[in-house]
Amino acid sequence: MGIVLNDRCYSDVDEISVTEDNIDVVSFLTEWFDDREYVIGHTSGSTGTPKKIYLLKSDMEASARLTNEFFGIDTDSDLLLCLSPNYIAGKMMIVRALLADANLLVVKPSSSPLKEINRSVDFAAMVPMQVQESLSDPVTRNKISYIKQLIIGGAAVSSTLESALSAFPIRCFSTYGMTETVSHIALRELNTAYSGYKALGNITFSQDDRGCLCIHAPHLSNTFFITNDIVRLSGKTSFEWLGRFDNVINSGGVKLFPEEIEKKISELIPDKRFYVTGVLDGRLGEKAVLIIEDQNWTQEKIASFMKEVRFILSPYQIPKEIRFVSNFRETYSGKIIRENQE
């Protein structure tokens, strides 16, 4: 297993000159090639404080093989690493390159990772913010077409972003997975007729009595995972994601999925972060409230916005209130912490 970084081959980690841009990559490679059977990772912190987790190297290799096989990654491939190796997404990009003897192009993680890229890339992984920033910047907008295959994870892909990507001749996928499953175990190809996620390899799915996804992953040492994600199954190998069990709003006896509402109205708030949450209500039990990261809107702007919302959402889904917050709190990994702002 050789190491190919930025078009240069190395037979040993010690041969790599450490720079500000690659220091985390070298640190991971040192850990990868030591005598231990595992590397240390951390959960994303989506539902609390990030937890230390021990990732078996054999599991990481098994996961990497599934991705490499699906995307045709081999020794002639160029992979772009623009995510931090401190998290599973970045770690797995390195492992995929190692297993395939592929060339790993390393750039320092940033909101606009394509600024220094002036060549074709066979495969890349980004978070939605990086894709959005790359499309918004005139310098990098057309560079997105340099990437032949792109996976997007870490947060939901808005319908606005999905639509923007359709203008470029690249294959784009939204990923489903977590640190515990050693990166993604299912993919949703964007801008296609089917809006669900399809399993990789021999992975299959079922549901528990809450309607939450259960993952059967024979390629991993731990083969069974129970999630808090409510889904609609389509057979044993695909599903549509509805939302987090923790986030469901019971409003007057009707279950509302905030993530579904957010996707529907995302085109109406393209330049601001927002989320929908449940707030206690004396009549409904809970009511849906829209929280927007912005200064207070005028009554005229709110009225205009709500008029458009009524054409998009069902009567039950329409937020009963809009609140504004100057800055959202975030998890350790940068995900928005949903709060009802009481």
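Here we summarise the structure given alongside this text. In this text the structure is predicted, and so the values were computed from the model without any measurement. (Residues numbered from 1 in each chain as written. Predicted model: local features only at pLDDT ≥ 70, side-chain atom pairs only at ≥ 80, totals over all residues. Heavy atoms only, no water.)

The number of helices and strands found in the protein is seven helices and 20 strands. Since a compact globule built from 342 residues should have a radius of gyration of about 20 Å, the 21 Å found for the protein is in line with a globular shape. The long-range share in the protein, meaning contacts at least 24 apart out of those at least 6 apart in sequence, stands at 56%. Surface accessibility of the protein: about 16800 Å² in total, with carbon and sulfur atoms responsible for 48%. Positive and negative charge centroids in the protein, built from 36 and 45 side chains respectively, lie 6 Å apart. (Helix = DSSP H or I, 4+ residues; strand = E, 2+ residues; numbered from the N terminus. Rg over C-alpha atoms; globule rule 2.2 N^0.38 Å. Contact = heavy atoms within 4.5 Å. Areas by Shrake-Rupley, 256 points an atom, 1.4 Å probe, with all protein chains shown as cover. Lys, Arg positive; Asp, Glu negative; His and termini not counted. Charge placed at Lys NZ, Arg CZ, Asp CG, Glu CD.)

Attention shifts here to the environment of Ile302. Secondary-structure assignment places Ile302 in helix H7 (residues 299-312). Distance from Ile302 to Ile322, taken between C-alpha atoms, is 8.3 Å for residues 20 residues apart in sequence. Ile302 has contacts with Trp297, Ile322 and Phe324, leaving out every residue within four places of it along the chain.

The volume enclosed by the second largest pocket comes to roughly 180 Å³. Lining of the second largest pocket is provided by 12 residues; of these, Ile40, His42, Pro85, Asn86 and Lys91 occupy positions nearest its centre. Looking at the lining of the second largest pocket, the elements that each hand over two or more residues are helix H1 (23-32) and strand E3 (38-42). Broken down by element, the residue count for the lining of the second largest pocket peaks at four residues, all from H1. Its residues assigned to classes, the lining of the second largest pocket shows five nonpolar, four polar and three charged. (1 Å grid on protein atoms, 1.4 Å probe; cavity = no way out; pocket = protein on both sides within 12 Å on 5 of 7 lines; lining within 4 Å. Points joined across faces, edges and corners; volume = space filled by probe spheres on them. Nonpolar A, V, L, I, M, F, W, Y, C, P; charged D, E, K, R; others polar.)

The subject of this paragraph is the pairing of strand E12 (residues 204-207). In this sheet, strand E13 (residues 212-216) lies alongside E12 in antiparallel orientation, the contact comprising four bridges. When the sheet's bridge partners are listed, Phe205 is paired in E13 with Ile215. Here E12 hands over to E13 after four residues, with Gly211 in that stretch at a positive phi of 90°. (Pairing = 2+ DSSP bridges.)

All quantities given are derived from atomic positions and should not be read as evidence of function.
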